[in-house]
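This is what each chain is made of:
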Amino acid sequence: MLIHPWDAAESDEWRPFATAQGFGHLVASGAGRRRPVIVPTQYVLDGDTVLIHLARPNPIWPALDENPYVVLSIAGDWTFIPSSWRAIGDEDPAAGIPTTFYGAVQLGGTAEVIDAPEAKLDLLRRQLAHLQPDEGNVDPSAHSRRLPGIRGIRVPIEDVQAKFKYGGNTDEAHRLAVADHLEHRDQPGDEAARAHLLRRLETNDRRDSAQCPRR
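Just so it is clear, the model here is predicted, and its values are computed rather than measured. (Residues numbered from 1 in each chain as written. Predicted model: local features only at pLDDT ≥ 70, side-chain atom pairs only at ≥ 80, totals over all residues. Heavy atoms only, no water.)

A. Main features of the overall build of the chain. Of the regular secondary structure elements, the chain holds 5 helices and 9 strands. Mapped from its N terminus to its C terminus, the chain presents α and β elements in the order α-β-β-β-β-α-β-β-β-α-β-β-α-α. Projecting the C-alpha coordinates of the chain onto the three principal axes gives extents of approximately 70 × 45 × 40 Å. The 215 residues of the chain split such that 37% are buried. Sequence-distant contacts in the chain: of pairs separated by 6 or more residues, those separated by 24 or more amount to 75%. For the chain, the exposed area adds up to about 12,400 Å²; of that, 52% sits on carbon and sulfur atoms. Separation between the mean location of the 24 positive side-chain charges and that of the 31 negative ones in the chain comes to 6 Å. (Helix = DSSP H or I, 4+ residues; strand = E, 2+ residues; numbered from the N terminus. Buried < 20%, exposed > 50% of the residue type's maximum accessible area, 1.4 Å probe, protein only. Contact = heavy atoms within 4.5 Å. Areas by Shrake-Rupley, 256 points an atom, 1.4 Å probe, with all protein chains shown as cover. Lys, Arg positive; Asp, Glu negative; His and termini not counted. Charge placed at Lys NZ, Arg CZ, Asp CG, Glu CD.)

B. Structural view of the side chain of K120. Relative to the helices and strands, K120 is located in helix α3 (residues 117-131). The buried charged residue K120 lacks any salt bridge partner; its closest oppositely charged side chain belongs to D115, at an N-O distance of 4.7 Å. There is a polar contact of 2.9 Å between the side chain of K120 and the backbone oxygen of I150. The residues contacting K120, other than those within four sequence positions of it, are R56, I114, D115, L147, P148, I150, R151 and G152. (Salt bridge = Lys/Arg side-chain N within 4 Å of Asp/Glu carboxyl O. Polar contact = N/O pair within 3.5 Å; in protein donor to acceptor, adjacent residues only side chain to side chain.)

C. View of the sheet that holds strand β1 (residues 23-28). The antiparallel open sheet is built from 5 strands, whose spatial order is β2-β1-β5-β6-β9. Two strands lie at the open edges of the sheet, namely β2 (37-42) and β9 (159-165), each paired on one side alone. Strand after strand, the sheet turns through a mean of 20° between neighbouring axes, direction not considered. Judged from the 7 bridges that link them, strand β6 (residues 99-110) and β9 form a sheet pairing that is antiparallel. Counterpart to G103 in the pairing with β9 is F164. Contacts between helix α1 (residues 14-21) and the sheet are confined to β1, β5 (69-81), β6 and β9, with β5 contributing the most and set at about 90° to the helix. (Pairing = 2+ DSSP bridges. Axes fitted to C-alpha atoms, helices over the stretch in contact; angles between N-to-C directions.)

D. View of the sheet that holds strand β7 (residues 112-114). Strand order across the open sheet formed by 4 strands is β3-β4-β8-β7, with antiparallel pairing between neighbours. Every other strand in the sheet has two partners, leaving β3 (44-46) and β7 as the edge strands with one partner each. Put simply, the sheet's adjacent strands are angled 30° from each other on average, direction ignored. Docked against the sheet, α3 engages β3, β4 (49-55), β7 and β8 (150-156), running at close to 110° with respect to β4.

E. Just the nonpolar core, in detail. Residues W14, L26, V50, I60, L64, L107 and I153 are the most contacted members of the largest nonpolar core, which totals 36 residues. Once residues lying within four places of it in the same chain are set aside, the contact partners of V50 are Y43, V44, L45, L72, L107, I153, R154, V155 and I157. (Core = buried A, V, L, I, M, F, W, Y, C linked by side-chain atoms within 4.5 Å.)

F. Layout of α1. All buried positions along α1 are accounted for by W14, F17 and A18. All buried residues of α1 lie within an arc of 95° about the axis, which places them on one face of the element. Exposed and facing more than 90 degrees away from the buried side of α1 are P16 and A20. Positive phi appears at G22, one or two residues downstream of α1, with a value of about 70°. (Arc of directions from axis to C-beta.)

Below, the structure is given as structure tokens:
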């Protein structure tokens, strides 16, 4: 993933994004395969560990036997920015360069496959606690007859790549103009993209202020 300096994540900026998305693609390359196994899946970020469970017939298991290193690819909060939005003042709206705003996080680590019944139950309980903390549900052990049909995956996070592409290569005036357009357009992703844009603009302002020498 290409990450320009102005799109790079600040510190743990990736963490709330990955937690909130909750859905991604688990990629297992295996060994000597022409095509990696890519599984769209719900996941839970539990501290520095990714928790997943998948059906036993899933094609990912042989690939994990060959090579347990996996990447969970997460992307979201995206929206298209048309040409005219990239122009302000006397600039020609037709000459603006259209783009797409989005966030993307890739979490890599060595997967541990979980087959022991009690360990699978613990994983399911942790997932439920994250996904529906306020909704009453029976303990997963109540469905113990179905437990052999799934396998768990625990991935301790070993490396993180994160990108937040929200106009960081343009000045404040141009970004605020885009934020204004996003506020008045009602398309999926607009509200989240605007929040990222303003948050990162504020973060940049704080960092720039901290780097200015005191007089």
